[in-house]
Amino acid sequence: MTSFGRRTLLGEVVAEFAGTMILILMGVGVVAQVVTGDGALGDHDSIAWAWGLGVTFGVYVAARISGAHLNPAVSLALAAFGDFEWRKVLPYAIAQTAGAFAAALLVRWIYADAIALVDPDLTVATQGIFSTLPGNGSLDISTSTAFLDQVIGTAILLFLVMAVTDVRNSAPVATIAPIVVGLVVVAIGMAWGTNAGYAINPARDFGPRLASFLTGYDTAFEDQRGQLYFWVPLVAPLIGGLIGAAAYRGLSRFLPDEDEAQETGRIPTDAPRDQHLDSHAHA
């Protein structure tokens, strides 16, 4: 690889780090506000909207540099069914997880006093600020149901994101695409949040989970029943993303060809501003 290639990959992983950090600052931040405010400073709707806006702004930060995957499930699915290079999957995933970790540490620091007031023992009552739990820590949802929920939720995410960023399928212009992708996440949050908290993103869950563990949450890798749970939002979204991307690829075979169409998953270079924006992202 040439030095130019190394600089290019470095820029892409830095963009993924920054975009994912913005996503988590908004998403984990809003959950911290709602939980520590005991419902007086927001509710489920504000959580869903803030996660969606976090995706939108994270995509605006990174799209022109890295494609703004912001999610290892997206990177893996686009390598398998798009035009994304396999050699970049692991660097992207590491950068995404690191960005999520750094953002969660910042939220943990800024909200430390508020968390200490409502949950001084750092229990499952506030663990949900940082990472997901079956039934959001309150409903007795089985691990198998939570796993299936994450597979389906991430399949929906990848199917819709690929659909709204494919120029052959009347994709929105580059300046609007991040908003549309953010709305996809809002919709998933409003419809698929009960069983497992709609992580649909391994980096979004594991990075903040690790940050909370290192800052006092001794049971961060467990669910409210004391069972190891961290692997569910790690593994299930990777499977679901592949399923959703495969489903869209099957459907897209029926779309009309366009000579200038750009494959989803490819980083824009010198495309006009109204051409396809590779904005694949989540919560």
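This structure is a prediction, so every number in the text was calculated from the model and none was measured.

Novice: Got a sec to walk through the packing of aromatic side chains? Specific residues and values, please.
Specialist: Using the criterion set out here, one finds seven aromatic pairs in the structure. Among the aromatic residues, those joined into a ring-pair cluster are Phe206, Phe213, Phe221 and Phe230.

Novice: Which residues make up the environment of Val14, and what values go with them?
Specialist: Following the sequence through the fold, Val14 ends up in helix H1 (residues 3–36). For Val14, a relative accessible area of 48% corresponds to the partly exposed category. Distance from Val14 to Gly99, taken between C-alpha atoms, is 9.0 Å for residues 85 residues apart in sequence.

Novice: Give me the lowdown on helix H10 (residues 232–252), citing residues and values where you can.
Specialist: Along an α-helix, residues three or four apart share an orientation, since each turn contains 3.6 residues. Given a rise of 1.5 Å per residue, 21 residues ought to cover 30 Å, and the 30 Å separating the end C-alpha atoms of H10 matches this to within 8%. What H10 keeps buried is the set Val232, Pro233, Ala236, Pro237, Gly240, Gly241, Gly244, Ala245, Tyr248, Arg249 and Ser252. Packing partners of the buried residues in H10 comprise helix H3 (72–81), helix H7 (143–164) and helix H9 (202–214).

Novice: Run through the nonpolar core, naming residues and quoting values.
Specialist: Judged by nonpolar contacts, the single largest core of 53 residues is most densely connected at Ile24, Val28, Ile47, Trp51, Ile129, Phe130 and Leu157. Where this core is concerned, the elements lending two or more residues are H1, helix H2 (44–66), H3, helix H4 (89–110), H7, helix H8 (177–191) and H10. Here this core takes ten residues from H1, the largest share from any one element. When sequence neighbours within four positions are dropped, the list of residues in contact with Ile47 reads Val30, Val31, Val34 and Tyr198.

What counts and how
Within each chain, residues carry numbers counting from 1 in the order of the written sequence. Residues qualify for local features only when their pLDDT is at least 70, as the model is predicted, and side-chain atom pairs are given and counted only at 80 or more; totals for whole chains, interfaces and linings, by contrast, use all residues. Values shown for side chains rest on all heavy atoms present in the structure; no hydrogens or waters enter the calculation. Under the pairing criterion, centres of Phe, Tyr and Trp rings, with the six-membered ring standing for Trp, must be within 6.5 Å; the plane angle then separates stacked pairs below 30 degrees from edge-to-face pairs above 60, leaving the rest tilted. Secondary structure elements are defined from DSSP: runs of H or I of at least 4 residues count as helices, runs of E of at least 2 residues count as strands, and each element is numbered from the N terminus. Burial classes: relative accessible area under 20% of the type maximum marks a residue as buried, over 50% as exposed, and values in between as partly exposed (1.4 Å probe, protein chains only). An expected span of 1.5 Å times one less than the residue number is assigned to each helix. Any two residues whose heavy atoms approach within 4.5 Å at even a single point are treated as in contact. Put simply, a nonpolar core is a bunch of buried Ala, Val, Leu, Ile, Met, Phe, Trp, Tyr and Cys residues held in one set by side-chain atoms that sit within 4.5 Å of each other.

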